[in-house]
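Here's the letter readout for the chains.
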Amino acid sequence: MPELPEAERARATLESVLGRRITAVDDSDTYVCRPHQAGEIAAALVGHELVSAHRRGKFLWLQTDDGPTLGLHLGMAGAIALEAARDKPIWDRFTVEFEDGSRFALRDRRRLARAVLNPDFSHVGPDAADVGRDEFRRRIGAGNTALKARLLDQGAISGVGNLLADQALWQARLAPQRTTSQLSAEDLDRLRRELRAAVRSAIRRGGVHTGSFVEVRDREGACPRCARGLARATVGGRTTYWCPACQE
DNA sequence: AGGTCTGTTCAGCT
DNA sequence: TAGCTGAACAGACC
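Residues numbered from 1 in each chain as written. Chains lettered and ligands numbered in written order. Predicted model: local features only at pLDDT ≥ 70, side-chain atom pairs only at ≥ 80, totals over all residues. Heavy atoms only, no water.

In terms of nonpolar packing, the biggest core is built from 27 residues, with Leu72, Phe94, Phe104 and Leu106 touching the most fellow members. Leu147, Leu151, Ile157 and Val160 belong to the second-largest nonpolar core, a separate cluster that totals 25 residues. (Core = buried A, V, L, I, M, F, W, Y, C linked by side-chain atoms within 4.5 Å. Buried < 20%, exposed > 50% of the residue type's maximum accessible area, 1.4 Å probe, protein only.)

Structure follows, in structure tokens:
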């Protein structure tokens, strides 16, 4: 599920745990928690207070008072849970407890989420909702690859996942396999505008699954604009749907 | 019951 | 170098 809109929701959830002293941390899942030594993240965090919650693309991080930074990523199925899990506690891969008894957990069935101490975001591109016109043209229009593959490249711009990419491309009437070097400045500007609109709509409506194209995005789906059946192929290594009539 | 598919990221190869 | 491919995980679905 998690793409930029879900990550933003998680960030907002994390704001509700700021300002409390950390009393315990469970980082025993050494696949999800990096560095790999169990107890390392705990030792660094206990006694500190979380002071701010940030996001760039799908990457989250929490700043402590004068201490380390805690990076979080939801992976492919992760979420931030404030309530202790009753039935499936095994899905809580990383847990932080506070002095007042409250807690939050990084909950993920698939263990593809990550909790990282002092994360490095130097290779993460600007947030898809914030990137300026000229930088978008430069970063998306460069090189020679399928447009959709470039949108999914978090180093180019960050926050776009498989579903959001299909939604934005459909809104901008651009075919996913179009080559980046062939795009006009006008194409790129339109794509940027539609991508920002898709992101904002998804945040407002509660997730990327609320997109008009995402809702019909399957083998039987029809284009919401022209009602023609959707095409399906692998582009950029990911299952991709588009309207062969509207997008070129 | 077993095979296929999945919203992400990253290492490793060409 | 930039751009692919496949691996990591584990559940959902048919």
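Additional details are given in the paragraphs that follow.
In this model, Arg111 sits at a positive phi of 60°, which is unusual for a non-glycine residue. Looking at where Arg111 falls in the secondary structure, it is placed in the loop between strand E8 (103-107) and strand E9 (114-117). A positive phi is found at Ala227, a non-glycine position, where the angle reads about 70°. Residue position: Ala227 is located in the loop between helix H6 (185-205) and strand E10 (231-235). (Helix = DSSP H or I, 4+ residues; strand = E, 2+ residues; numbered from the N terminus.)

For the structure shown, the criterion picks out four aromatic pairs. Plain terms: the ring middles of Trp170 and Phe213 are 5.6 Å apart, the flat faces sit at 20° to each other, and that makes the pair stacked. Note that Trp170 is positioned in helix H5 (residues 162-172) and Phe213 in the loop between H6 and E10, a separation of 43 residues in sequence. Of the two residues, Trp170 and Phe213, neither departs from the other in class, the shared state being buried. Among the aromatic residues, those joined into a cluster by ring pairs are Phe59, Trp61 and Phe121. Lying over the aromatic face of Tyr31, Arg34 brings its terminal NZ or CZ to 5.2 Å of the ring centre. (Phe/Tyr/Trp six-rings, centres within 6.5 Å; stacked < 30°, edge-to-face > 60°. Lys NZ or Arg CZ within 6 Å of the ring centre and 35° of its normal.)

In the neighbourhood of DNA strand C, the contacting residues comprise Tyr31, Trp91, Arg109, Arg110, Arg111, Leu112, Gly143, Asn144, Thr145 and Arg150. Backbone atoms, meaning sugar plus phosphate, form 75% of the atoms of DNA strand C positioned within 4 Å of the protein. When grouped by side-chain class, the residues that make up the surface near DNA strand C number three nonpolar, three polar and four charged. (Near = heavy atom within 4 Å. Nonpolar A, V, L, I, M, F, W, Y, C, P; charged D, E, K, R; others polar.)

As a further point, take the pairing of strand E5 (residues 69-73). For E5, a buried count of five out of five residues is recorded, marking the element as mostly surrounded by other parts of the structure. Across the two faces of E5 the burial is the same, with Thr69, Gly71 and His73 and Leu70 and Leu72 all buried. Linking two consecutive strands that pair antiparallel, namely strand E4 (residues 59-64) and E5, is a turn of four residues; a positive phi of about 65° is found at Asp66 within it. Summarising the sheet, E5 and E9 pair through four bridges and their orientation is antiparallel. Bridge pairing links His73 to Arg114 in E9. (Pairing = 2+ DSSP bridges.)

Next up on the list: the protein's contact with DNA strand B. Taken together, 15 residues lie around DNA strand B, and Lys58, His73, Gly161, Arg238 and Thr239 are the ones closest in. Among all atoms of DNA strand B positioned within 4 Å of the protein, those belonging to sugar or phosphate total 61%. The separation between a phosphate oxygen of DNA strand B and a polar side-chain atom of His73 is 2.7 Å. Elements supplying a minimum of two residues to the surface near DNA strand B: H5 and strand E11 (238-242). (Polar contact = N/O pair within 3.5 Å; in protein donor to acceptor, adjacent residues only side chain to side chain.)

Taken as a whole and assessed by the stated rule, the structure comprises zero disulfides. For the unlinked cysteine Cys223, the closest cysteine sulfur is that of Cys243, found at 3.7 Å. With no disulfide partner, Cys243 has as its closest neighbouring cysteine sulfur the one in Cys226, 3.6 Å distant. Its relative accessible area of 0% is what places Cys243 among the buried residues. (Disulfide = S-S within 2.5 Å.)

Attention shifts here to the domain arrangement of chain A. By the assigned domains, chain A splits into domain 1 (4-117) and domain 2 (133-242). For domain 1 and domain 2, the distance between their C-alpha centres works out to 30 Å. Opposite the eight residues of domain 1 that make contact, domain 2 presents 13 residues. Buried surface at the junction of domain 1 and domain 2, summed over both partners, amounts to about 790 Å²; 67% is from carbon and sulfur atoms. Of all residues in domain 1, Leu4, Pro5 and Lys58 give up the largest surface area on contact with domain 2, accounting jointly for 54% of the area buried on that side. Counting every contact that joins domain 1 to domain 2 gives zero salt bridges. The tally of links between domain 1 and domain 2 comes to four residue pairs in polar contact (both at pLDDT 80 or more). Looking at the side of domain 1 that touches domain 2 element by element, the count peaks at five residues for helix H1 (residues 4-15). Residue composition of the side of domain 1 that touches domain 2, grouped by class: two nonpolar, one polar and five charged. (Domains from an automatic or database assignment. Contact = heavy atoms within 4.5 Å. Buried area = accessible area lost by both parts, 1.4 Å probe. Salt bridge = Lys/Arg side-chain N within 4 Å of Asp/Glu carboxyl O.)

A separate point is the sheet that holds strand E3 (residues 50-56). Spatial strand order, E2-E9-E5-E4-E3: five strands in an open sheet with mixed pairing. Only two strands of the sheet have a single partner each, and these edge strands are strand E2 (33-34) and E3. Relative to E9, E2 runs parallel, the two being bridged by two bridges. Note on E9: the bridge partner recorded for Cys33 is Ala115. The sheet strands contacting H1 are E3, E4 and E5, and the helix crosses E3 at an angle near 175°. (Axes fitted to C-alpha atoms, helices over the stretch in contact; angles between N-to-C directions.)

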